[in-house]
Amino acid sequence: MIELRNIPIQQSENKLTLRKIVITVGDLLAQPISEYDVRDVLVIRTKPINKDQNTSSILVEFTTVSIKDNLIKNTRDYNKQHTVNKINTSNLKVPGPS
């Protein structure tokens, strides 16, 4: 299981939109993820640090460990290659603060 942190809360958030975020992360990191690769996805609400911040964490369980391991490896590689603009919500085209 992996955790995607500090994702802005969407108005109409459901399992389908959460899966689309996970698939978008995979596309950005050159790790193709299909809907069938995601066993479960859920949101954990976090306590806001200030009134303007309204973020959550997304927990993702994949069907195989290799998908999770490759996603973690590709995330590290992406952040090493893009030291100025590491992976964030603007890269994922998720509305809200990056």
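Details of the structure are given in the entry above.
Report on the accompanying structure. (Residues numbered from 1 in each chain as written. Predicted model: local features only at pLDDT ≥ 70, side-chain atom pairs only at ≥ 80, totals over all residues. Heavy atoms only, no water.)

1. Some words on the sheet that holds strand 1 (residues 2–8)
Using the following cut-off: Here, strands pair whenever DSSP counts at least two bridges between them. Secondary structure is summarised from DSSP: a helix means a run of H or I of at least four residues, a strand means a run of E of at least two, and numbering begins at the N terminus for each. Fitted lines through C-alpha atoms serve as axes, helices being fitted only where they are in contact, and the angles separating the N-to-C directions of these axes extend from 0 to 180 degrees. In what follows, a contact means two residues having at least one pair of non-hydrogen atoms within 4.5 Å.
Here 3 strands make up an open sheet; going across it, the order is 1-3-2 and the pairing antiparallel. Of all strands in the sheet, those bounded by a partner on one side alone are strand 1 and strand 2 (38–45). Averaged over all pairs of adjacent strands, the angle between strand axes in this sheet comes to 25 degrees, irrespective of strand direction. Sheet topology note: the strand 1/strand 3 (residues 55–62) ladder contains 5 bridges and is antiparallel. What sits directly across from Pro8, in strand 3, is Thr55. Of the strands in this sheet, strand 1, strand 2 and strand 3 are in contact with helix 1 (residues 15–28), which crosses strand 2 at around 105 degrees.

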